[in-house]
There are 2 protein chains.
Amino acid sequence: MASPEIEALVQALARLPGLGPRSARRAVLHLLKKRETALVPLSRALEAVEARLATCGICGNVDTSDPCAICADPRRDARALCVVEEVADLWALDRARLFPGRYHVLGGRLSALDGVRPEDLRIDSLIARVAAGGVDEVVLAMNATLEGQTTAHYIAERLEGHPVRLTQLAHGLPVGGELDYLDEGTLAQALRARRPVM
Amino acid sequence: MASPEIEALVQALARLPGLGPRSARRAVLHLLKKRETALVPLSRALEAVEARLATCGICGNVDTSDPCAICADPRRDARALCVVEEVADLWALDRARLFPGRYHVLGGRLSALDGVRPEDLRIDSLIARVAAGGVDEVVLAMNATLEGQTTAHYIAERLEGHPVRLTQLAHGLPVGGELDYLDEGTLAQALRARRPVM
Ligand SMILES: [Zn+2]
Ligand SMILES: [Zn+2]
């Protein structure tokens, strides 16, 4: 069989989502055959990210700088905050350049089943950002799941009395659907038709 | 959007076979969230392979040593040589531990269409290995394609007069099938039922 180093590379790739042992092996063969154009660039890219990986102290995004590129961008509208469960959701929305404001990543959703409580999420820091002023609108962009909507309601309650417009993504998201899997058209429509919370 | 470093990593992964831009993005998110258990191990594995990558001077396999682990393994039967088109085919056969002998990788197949001639493949070095003696059997494990079979016939002619038993994989391979895509059961059967050439 292949050497321990090559086997280790196959194993490391096979653990990525979307890659099984078989496709990892094909990917490694490709890397071995294209040392200069595939293996070396991938290795350098990983090193660069590894060296600078940081969680944004403001919004919870992961990036290669803190604050992240979005929080540091003066062209982004600081008066609108889009609250998402996961970094993947931020990426899904931002990839389509749908939202001109900034983000707040909770790091999950409230779940009795999984024992996730408010203090396990970045909710206090969200309230603090709003309380600090300068925010006009908070878009609650949770998944259209029971837990996502429970989380949205909890945050809506916590923000009661703050002078901000609370909105949520338009229904029209498929029930049980997760933001990160939706096409950009659906996301765009849901964002355009966002409406005040209750 | 994400930083240039993260975008570069997405691009590098998206170029791997089996990964598109979407799955590359999901893989990168996974790497960012699991720095110590996913990103760092993958980065170290790539570095280790990059530093030691070599093409075996004996058989043409790619490995982290030259001679490769197979050629250097004294337990492998040096009297049986399995000739394959590509390194991927060697891996496919060896992954299933089907063949106890050693290999010879041609680096392709003869093709009038693609202008691949005998001197473009590692055929002379195969003849030299056989001519050096100590080889009893040469298994021609080309793909069951027109070009694969043309290549097998060409090698059979070149080896005429050498005191070796020439065999080929049993038919039973699906017509047009490529070794690297077959399940291990099919490969095992084809190898077990291998038969003399002509
Ligand atoms: Zn940020
Ligand atoms: Zn070798």
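Bear in mind the structure is a predicted one, so any value in this text is a computation, not a measurement.

Tallying secondary structure elements over chain A gives eight helices and seven strands in all. For chain A, the spread of C-alpha atoms along the principal axes amounts to about 65 × 35 × 35 Å. Out of the 198 residues belonging to chain A, those deemed buried represent 53%. Sequence separation of at least 24 residues holds for 56% of the intrachain contacts in chain A that already meet a minimum separation of 6. When the accessible area of chain A is evaluated, it comes to approximately 9,000 Å², of which 54% is carbon and sulfur surface. The centroid of the 24 positive side-chain charges in chain A is displaced by 7 Å from the centroid of its 26 negative side-chain charges.

A few words now on the interface of chain B and chain A. Much of the literature gives interface size as the accessible area that the parts lose upon coming together. On the side of chain A, 54 residues touch chain B, which itself brings 54 residues to the contact. Carbon and sulfur atoms make up 65% of the surface buried where chain B meets chain A, a total of about 5,300 Å² over both sides. Put simply, chain B and chain A have six salt bridges between them. Between Glu 5 of chain A and Arg 52 of chain B there is a salt bridge whose closest N-O contact spans 2.1 Å.

Turning our attention to the coordination of the zinc ion (ligand 2). Six octahedrally arranged donors around a metal ideally form angles of 90 or 180 degrees; four tetrahedrally arranged donors ideally form angles of 109.5 degrees. Residues and elements named next belong to chain B. Around the zinc ion (ligand 2), the donor atoms from the protein are Cys 56 (SG), Cys 59 (SG), Cys 68 (SG) and Cys 71 (SG), and they sit 2.3 to 2.4 Å away. Bound by four donor atoms, the zinc ion (ligand 2) shows angles of 104 to 116 degrees at the metal and therefore tetrahedral coordination geometry. Mapping the donors of the zinc ion (ligand 2) onto the primary sequence yields the spacing C-x2-C-x8-C-x2-C. With a gap of twelve residues between them, Cys 56 in the loop between strand S1 (54-55) and strand S2 (62-63) and Cys 68 in the loop between S2 and helix H4 (69-72) connect regions that are remote in the sequence.

Overlaying chain B with chain A gives an RMSD of 0.1 Å, the required rotation being 179 degrees about an axis along which the chain moves by 0.0 Å. One copy is carried onto the other by what is essentially a two-fold rotation axis. Measuring from the rotation axis to each C-alpha of chain B, the shortest distance belongs to Ser 43 of chain B, at 3.1 Å. The fraction of interface residues of chain B whose copies in chain A are also interface residues reaches 100%, indicating that both copies meet through the same surface.

So, on to the coordination of the zinc ion (ligand 1). Residue and element names in this part refer to chain A. On the protein side, the zinc ion (ligand 1) has Cys 56 (SG), Cys 59 (SG), Cys 68 (SG) and Cys 71 (SG) as donor atoms, found 2.3 to 2.4 Å from it. For the zinc ion (ligand 1), the four donor atoms in the first shell make angles of 104 to 116 degrees at the metal, so the coordination geometry reads as tetrahedral. Positions of the donor residues of the zinc ion (ligand 1), expressed as sequence spacing, correspond to C-x2-C-x8-C-x2-C.

All names here are of chain B. For Ala 8, the location among the structural elements is in helix H1 (residues 4-14). Using a relative accessible area of 37% as the deciding quantity, one classes Ala 8 as partly exposed. Residues Ala 8 and Val 138, 130 residues apart in the sequence, show an inter-C-alpha distance of 45 Å.

For the rest of this paragraph, the subject is the nonpolar core. One recurring pattern in soluble globular proteins: nonpolar side chains tend to sit buried together. Ranked by internal contacts, the top residues of the largest apolar core, which has 95 residues, are Leu 13 of chain A together with Leu 13 of chain B. Not counting residues within four places of it along the chain, the set of residues in contact with Leu 13 of chain B comprises Leu 42 of chain A together with Leu 19, Ala 24, Ala 27, Val 28 and Leu 31 of chain B.

Glancing now at the environment of Arg 102 of chain A. All names here are of chain A. Within the fold, Arg 102 resides in strand S4 (residues 101-105). In the structure, Arg 102 is positioned 23 residues away from Arg 79 in sequence and 8.0 Å away in space, judged by C-alpha atoms. Setting aside chain neighbours within four positions, we find Arg 102 in contact with Ile 70, Cys 71, Asp 73, Pro 74, Arg 76, Asp 77, Ala 78, Ala 80, Leu 81, Cys 82 and Arg 129. In terms of polar contacts, Arg 102 uses its side chain to reach the backbone carbonyl oxygen of Arg 76, at 3.5 Å.

Turning next to the environment of Leu 32 of chain A. Along the chain, the position of Leu 32 of chain A falls in helix H2 (residues 21-33). For the pair Leu 32 of chain A and Ala 132 of chain A, spaced 100 residues apart in sequence, the C-alpha separation works out to 53 Å. If we ignore the near neighbours within four places in the chain, the residues touching Leu 32 of chain A are Ile 6 and Leu 39 of chain A together with Val 49, Leu 53, Val 62 and Trp 91 of chain B.

Per the domain assignment, the segments of chain A are domain 1 (4-52) and domain 2 (77-166). Here the C-alpha centroids of domain 1 of chain A and domain 2 of chain A sit 35 Å apart.

Moving on, we get to the packing of helix H2 (residues 21-33) of chain B against helix H3 (residues 35-52) of chain B. Residues and elements named next belong to chain B. Across the interface, H2 lies against H3 with an axial gap of 6 Å and an inter-helix angle of 115 degrees. Taken together, H2 and H3 sit at an angle that is classed as roughly perpendicular. In this structure, H2 uses His 30, Leu 31, Leu 32 and Lys 33 to contact H3, whose residues at the interface are Arg 35, Ala 38, Leu 39 and Leu 42. When the residues that make up the contact of H2 with H3 are grouped by side-chain class, the tally is five nonpolar, one polar and two charged.

Conventions adopted
Residues numbered from 1 in each chain as written. Chains lettered and ligands numbered in written order. Predicted model: local features only at pLDDT ≥ 70, side-chain atom pairs only at ≥ 80, totals over all residues. Heavy atoms only, no water. Helix = DSSP H or I, 4+ residues; strand = E, 2+ residues; numbered from the N terminus. Buried < 20%, exposed > 50% of the residue type's maximum accessible area, 1.4 Å probe, protein only. Contact = heavy atoms within 4.5 Å. Areas by Shrake-Rupley, 256 points an atom, 1.4 Å probe, with all protein chains shown as cover. Lys, Arg positive; Asp, Glu negative; His and termini not counted. Charge placed at Lys NZ, Arg CZ, Asp CG, Glu CD. Buried area = accessible area lost by both parts, 1.4 Å probe. Salt bridge = Lys/Arg side-chain N within 4 Å of Asp/Glu carboxyl O. Donors = N, O, S within 2.8 Å, 3.2 Å for Na, K, Ca; no water. Tetrahedral: all angles 85-135°; square planar, octahedral: opposite > 155°, others 65-115°. Least-squares fit on C-alpha atoms with pLDDT ≥ 70 in both. Core = buried A, V, L, I, M, F, W, Y, C linked by side-chain atoms within 4.5 Å. Polar contact = N/O pair within 3.5 Å; in protein donor to acceptor, adjacent residues only side chain to side chain. Domains from an automatic or database assignment. Axes fitted to C-alpha atoms, helices over the stretch in contact; angles between N-to-C directions. Parallel < 35°, antiparallel > 145°, perpendicular 65-115°, else oblique. Nonpolar A, V, L, I, M, F, W, Y, C, P; charged D, E, K, R; others polar.

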